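Here are the chains, one letter per residue:
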Amino acid sequence: KQEVTQIPAALSVPEGENLVLNCSFTDSAIYNLQWFRQDPGKGLTSLLLIQSSQREQTSGRLNASLDKSSGRSTLYIAASQPGDSATYLCAVRPRSGSARQLTFGSGTQLTVLP
Amino acid sequence: NAGVTQTPKFRILKIGQSMTLQCAQDMNHNYMYWYRQDPGMGLKLIYYSVGAGITDKGEVPNGYNVSRSTTEDFPLRLELAAPSQTSVYFCASSYSPNEKLFFGSGTQLSVL
């Protein structure tokens, strides 16, 4: 059974720092991996989706990498801002299964201090 | 540009009551999902659908039922509510497994 782990559970950084969020998964037979952002009391917003054949995806100040062989993905946030404060979740979709259901990590709660 | 719309946003139920959580999407997505999120935990899949008339169980289906009569709508039915069903429920959709997942804003449900 696929397990997805995100460590640390919480992270606090001063504004302007570059930071890396980690996601690890136990089964490398994945179809794709997504990073989501969740603001308090809100739904999840998909930030980046990396297909299994890709190594990284970029969107603005965000860069996500994928290393299937080691079962790891990272989300790099450049020049962090207070508006980046949120919980970040990663989720993997397995290669097998009729709808290829996502397995979610429990998230990293990021606080960017002004 | 509505996306995924969930109603209600909040609800309090008494033990044994029933209710339906509504979910609608206007993006012509084939795949729709219901998740629950408990504090400090990742999301758990309750039910999913790959198209109108086709539904299947996820990881935690007990106590719930779904139907998918149209592409747009995917309601979640709670029968005989129990305190263990206190959670935040999210509906999500995507065009295919290969594409991004879009979420509704959630329904916070308390069963007392």
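For the structure, check the block above.
Residues numbered from 1 in each chain as written. Chains lettered and ligands numbered in written order. Predicted model: local features only at pLDDT ≥ 70, side-chain atom pairs only at ≥ 80, totals over all residues. Heavy atoms only, no water.

Section: the layout of surface pockets
Here the largest pocket is characterised by a volume of approximately 700 Å³. Every residue lining the largest pocket is counted, 32 residues in all, and those nearest its centre are Gln38, Pro40 and Gly41 of chain A together with Gln37 and Val88 of chain B. Mapped onto the lining of the largest pocket, the elements with two or more residues apiece are strand E9 (86-94) and strand E11 (108-113) of chain A together with strand E9 (87-94) and strand E11 (107-111) of chain B. Looking at side-chain class alone, the lining of the largest pocket contains 10 nonpolar, 18 polar and four charged residues. Considering only enclosed or pocket space, the second largest pocket measures out at about 480 Å³ in volume. Every residue lining the second largest pocket is counted, 22 residues in all, and those nearest its centre are Lys1, Gln2, Leu102 and Thr103 of chain A together with Glu59 of chain B. (1 Å grid on protein atoms, 1.4 Å probe; cavity = no way out; pocket = protein on both sides within 12 Å on 5 of 7 lines; lining within 4 Å. Points joined across faces, edges and corners; volume = space filled by probe spheres on them. Helix = DSSP H or I, 4+ residues; strand = E, 2+ residues; numbered from the N terminus. Nonpolar A, V, L, I, M, F, W, Y, C, P; charged D, E, K, R; others polar.)

Side note on the sheet that holds strand E7 (residues 62-67) of chain A
Residues and elements named next belong to chain A. Pairing within the open sheet is antiparallel, and its five strands lie in the order E1-E3-E8-E7-E6. Every other strand in the sheet has two partners, leaving strand E1 (4-5) and strand E6 (56-59) as the edge strands with one partner each. Where E1 meets strand E3 (residues 19-25), two bridges bridge the pair, whose relative direction is antiparallel. Bridge pairing links Thr5 to Ser24 in E3. (Pairing = 2+ DSSP bridges.)

Side note on the interface of chain B and chain A
Counting from both sides, the interface comprises 22 residues of chain B and, opposite them, 25 residues of chain A. When chain B packs against chain A, close to 1,700 Å² is buried across both sides, 53% of that on carbon and sulfur atoms. Summed over the three residues of chain B that lose the most area to chain A, namely Pro97, Asn98 and Lys100 of chain B, the buried surface amounts to 29% of that side. For the pair chain B and chain A, the number of links is one salt bridge. Residues Lys1 of chain A and Glu59 of chain B are paired through a salt bridge, measuring 3.4 Å at the closest nitrogen-oxygen approach. Seen at the junction of chain B and chain A, the total is six residue pairs in polar contact (both at pLDDT 80 or more). The residue makeup of the side of chain B that touches chain A, split by class, is 12 nonpolar, six polar and four charged. (Contact = heavy atoms within 4.5 Å. Buried area = accessible area lost by both parts, 1.4 Å probe. Salt bridge = Lys/Arg side-chain N within 4 Å of Asp/Glu carboxyl O. Polar contact = N/O pair within 3.5 Å; in protein donor to acceptor, adjacent residues only side chain to side chain.)

Focus on the environment of Ala29 of chain A
Along the chain, Ala29 of chain A falls in the loop between E3 and strand E4 (30-38). Separated by 39 residues in sequence, Ala29 of chain A and Lys68 of chain A have C-alpha atoms that sit 7.9 Å apart.

Considering the environment of Asn30 of chain B
Residue and element names in this part refer to chain B. On the secondary structure map, Asn30 appears in the loop between strand E3 (19-25) and strand E4 (31-37). Sequence separation between Asn30 and Tyr95 is 65 residues; the distance between their C-alpha atoms is 5.3 Å. Apart from residues lying up to four places away in sequence, Asn30 is in contact with Ser49, Val50, Gly51, Arg68, Ser94 and Tyr95. Of the polar contacts made by the side chain of Asn30, one reaches the backbone oxygen of Tyr95; its length is 3.4 Å.

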